[in-house]
Amino acid sequence: MEIEIRNLCKTYGTKLVLDNICMNIPEGMYGLLGENGSGKTTLMRILATVLEPPSGSLRIDGTDLRMKHKIRQVIGYLPQDFSVYPSMRVEAAMDYLGVLSEIPRSVRRERTDFLLKRLNLDTERRKRFKDLSGGMKQRFGIAQALLNDPKFLIIDEPTAGLDPEERNRFYDILTELAEHRSILISTHIASDVEAVCARAAVLRAGRLIFQGSIQELVESGGGSNLEESYLNMIRRFREGGAGR
Ligand code: ADP
């Protein structure tokens, strides 16, 4: 399983927001670090086929991203602003999202049972979405993204608003899930990446300024830990005028 991105550019109007991105995402947890506005969500929405594939070449497990139907069978996506109808009950919401993803009824039931147990939401299944805690909502978001048992899971800023305990629980689940798939997780918090990812990329104003292992990131930033190195890297590019 590998995601291959070559020469990806994306503009909004005349503004270039992704500038010639080349990236390889292998199996396991992969962090996408960058400040707000650096292009993380745009890149994820392209990979999730929410945005039309722009210029460049993108392949997921060898399949061109333009083959949307096929791609959607192998990806799961948890957007940053994920929500469902507030008064919908957990179980019904899973079923509804499964219908939208064209998952057959018997498979939907089986997967819903399995995932609600797996994500510790089994006792919440009759609760309304609006009555779930922040951590539960995030776990529900992961559960729905796993309905089709995807090989590639895309998760946009998942730890925003979670308390430390919920955050750790969330990391544990992701680490377990990453054993047989690729997981791309975006964040502007370096400690998120340090906790769970083997490799990471850093986006700065639409440009990829680093990709490699966490250890390489620490070394190339010249800091004593990941956070320091990441901030050094961002600062260096800002001062050098390498961004826009
Ligand atoms: P991040 O996820 O890193 O915060 P985004 O991908 O959301 O970054 O945004 C990258 C840039 O693209 C920002 O400058 C943002 O203002 C701009 N942008 C995002 N979505 C749109 C849109 N729909 N129309 C115009 N500009 C957009």
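Structure: see above.
Residues numbered from 1 in each chain as written. Predicted model: local features only at pLDDT ≥ 70, side-chain atom pairs only at ≥ 80, totals over all residues. Heavy atoms only, no water.

> Hey, could you run me through the site of the ligand in this one?
Around the ligand sit Tyr 12, Lys 15, Val 17, Glu 35, Asn 36, Gly 37, Ser 38, Gly 39, Lys 40, Thr 41 and Thr 42, and that is every residue in its neighbourhood. Taking Ser 38, its main chain carries an N or O atom lying 3.1 Å from an oxygen atom of the ligand. Gly 39 is positioned with one of its backbone polar atoms (N or O) 3.1 Å from an oxygen atom of the ligand. Protein contact buries 60% of the 560 Å² of open area that the ligand shows by itself. Going through the elements one at a time, β2 (15–25) and α1 (40–47) are the ones with two or more residues in the shell around the ligand. Considering every element that reaches the shell around the ligand, the biggest residue donor is α1, with three residues. Along the lines of polarity and charge, the residues of the shell around the ligand split into two nonpolar, six polar and three charged. (Near = heavy atom within 4 Å. Polar contact = N/O pair within 3.5 Å; in protein donor to acceptor, adjacent residues only side chain to side chain. Areas by Shrake-Rupley, 256 points an atom, 1.4 Å probe, with all protein chains shown as cover. Helix = DSSP H or I, 4+ residues; strand = E, 2+ residues; numbered from the N terminus. Nonpolar A, V, L, I, M, F, W, Y, C, P; charged D, E, K, R; others polar.)

> How should the sheet that holds strand β1 (residues 3–12) be read in this particular structure?
Through backbone hydrogen bonds, the strands of a sheet pair up, either in parallel or in antiparallel fashion. Reading across from one edge, β2-β1-β4-β5 is the order of the four strands in this open sheet, with antiparallel pairing throughout. The open sheet is flanked by β2 and β5 (63–64), the only strands paired with a single partner. The pairing of β1 with β2 spans seven bridges and is classified as antiparallel. Bridging from a neighbouring strand, Thr 11 pairs with Leu 16 of β2. Here α1 sits on the sheet in contact with β1, β2 and β4 (55–60), set at roughly 120° to β1. (Pairing = 2+ DSSP bridges. Contact = heavy atoms within 4.5 Å. Axes fitted to C-alpha atoms, helices over the stretch in contact; angles between N-to-C directions.)

> Can you walk me through the nonpolar core in this structure?
A general trend in soluble globular proteins is that nonpolar side chains are found buried together. Among the nonpolar cores identified, the biggest contains 49 residues, and Met 29, Phe 140, Ile 142, Leu 174, Leu 177, Val 202 and Leu 217 are the most heavily contacted of them. Setting aside residues up to four positions removed in sequence, Leu 177 forms contacts with Arg 118, Ile 142, Leu 146, Leu 153 and Ile 183. Counting 26 residues, the second-largest nonpolar core is a separate cluster that includes Leu 32, Leu 47, Leu 51 and Ala 201. (Core = buried A, V, L, I, M, F, W, Y, C linked by side-chain atoms within 4.5 Å. Buried < 20%, exposed > 50% of the residue type's maximum accessible area, 1.4 Å probe, protein only.)

> Explain a nonpolar patch on the surface here, please?
Together, Tyr 85, Tyr 96 and Leu 100 give the surface a local cluster of nonpolar side chains, amounting to about 330 Å² of exposed area. Assignment of secondary structure puts Leu 100 in helix α3 (residues 90–100). (Patch = residues over 30% accessible without salt bridge, like charges linked within 9 Å, V, L, I, M, F, W, Y side chains within 5 Å. Salt bridge = Lys/Arg side-chain N within 4 Å of Asp/Glu carboxyl O.)

> Would you explain the pattern of salt bridges in this entry?
Where charged atoms of side chains with opposite charge meet at close range, the side chains can pair. For the coordinates displayed, the defined rule picks out 15 salt bridges. Notably, a salt bridge pairs Arg 125 with Asp 113, separated by 2.6 Å at the nearest N-O pair. You can see Arg 125 sitting in the loop between α4 (105–118) and α5 (134–145) and its partner Asp 113 sitting in helix α4, a full twelve residues away along the chain. The partner of Asp 192 in a salt bridge is Arg 167, and the shortest N-O contact between them spans 3.5 Å. Of this pair, Asp 192 sits in helix α7 (residues 190–196) while Arg 167 sits in helix α6 (residues 164–177), placing them 25 residues apart in sequence. You'll find Asp 192 and Arg 167 in the same group, each marked buried. Among the charged side chains, a network of salt bridges with common partners joins Glu 91, Asp 113, Asp 122 and Arg 125.

> Help me out: how do you make sense of α1 in this one?
Because each turn of an α-helix spans 3.6 residues, side chains separated by three or four positions in sequence point in the same direction. Among the eight residues that make up α1, six are buried, leaving the element largely enclosed by the rest of the structure. For α1, the set of buried residues is Lys 40, Thr 42, Leu 43, Met 44, Ile 46 and Leu 47. Just beyond α1, the residue with positive phi is Thr 49, at close to 65°.

> Teacher, can you tell me more about the sheet that holds strand β3 (residues 28–34) here?
The strand order across the open sheet formed by six strands is β6-β7-β8-β3-β9-β10, and the pairing between neighbours is mixed. Either end of the sheet is taken by a strand with one partner, and the two such strands are β6 (75–78) and β10 (207–213). With strand direction ignored, the average angle separating the axes of adjacent strands in the sheet is 15°. Of the pairings in the sheet, the one linking strand β9 (residues 199–204) to β10 comprises six bridges and is antiparallel in character.

> When you look at the packing of aromatic side chains in this model, what are you seeing that I'm missing?
Both the distance between ring centres and the angle between the ring planes are used here to describe each pair of aromatic rings. Per the stated rule, a full pass over the model turns up four aromatic pairs. Geometrically, the ring pair formed by Phe 82 and Phe 129 is edge-to-face, given 6.3 Å between the ring centres and 85° between the ring planes. On the criterion of sequence distance, the pair formed by Phe 82 in the loop between β6 and α3 and Phe 129 in the loop between α4 and α5 is long-range, its members being 47 residues apart. Of the two residues examined, Phe 82 and Phe 129, each falls in the buried class. Centroid distance Tyr 85 to Tyr 96: 6.0 Å. Interplanar angle 50°. Geometry classified as tilted. Note that Tyr 85 is positioned in the loop between β6 and α3 and Tyr 96 in helix α3, a separation of eleven residues in sequence. Tyr 85 gets classed as exposed once you look at its relative accessible area, which sits at 52%. Linked through ring pairs, Phe 82, Phe 129 and Phe 140 together constitute an aromatic cluster. Directly above the ring of Phe 129 sits Lys 137, whose terminal nitrogen or CZ lies 5.5 Å from the centroid. (Phe/Tyr/Trp six-rings, centres within 6.5 Å; stacked < 30°, edge-to-face > 60°. Lys NZ or Arg CZ within 6 Å of the ring centre and 35° of its normal.)

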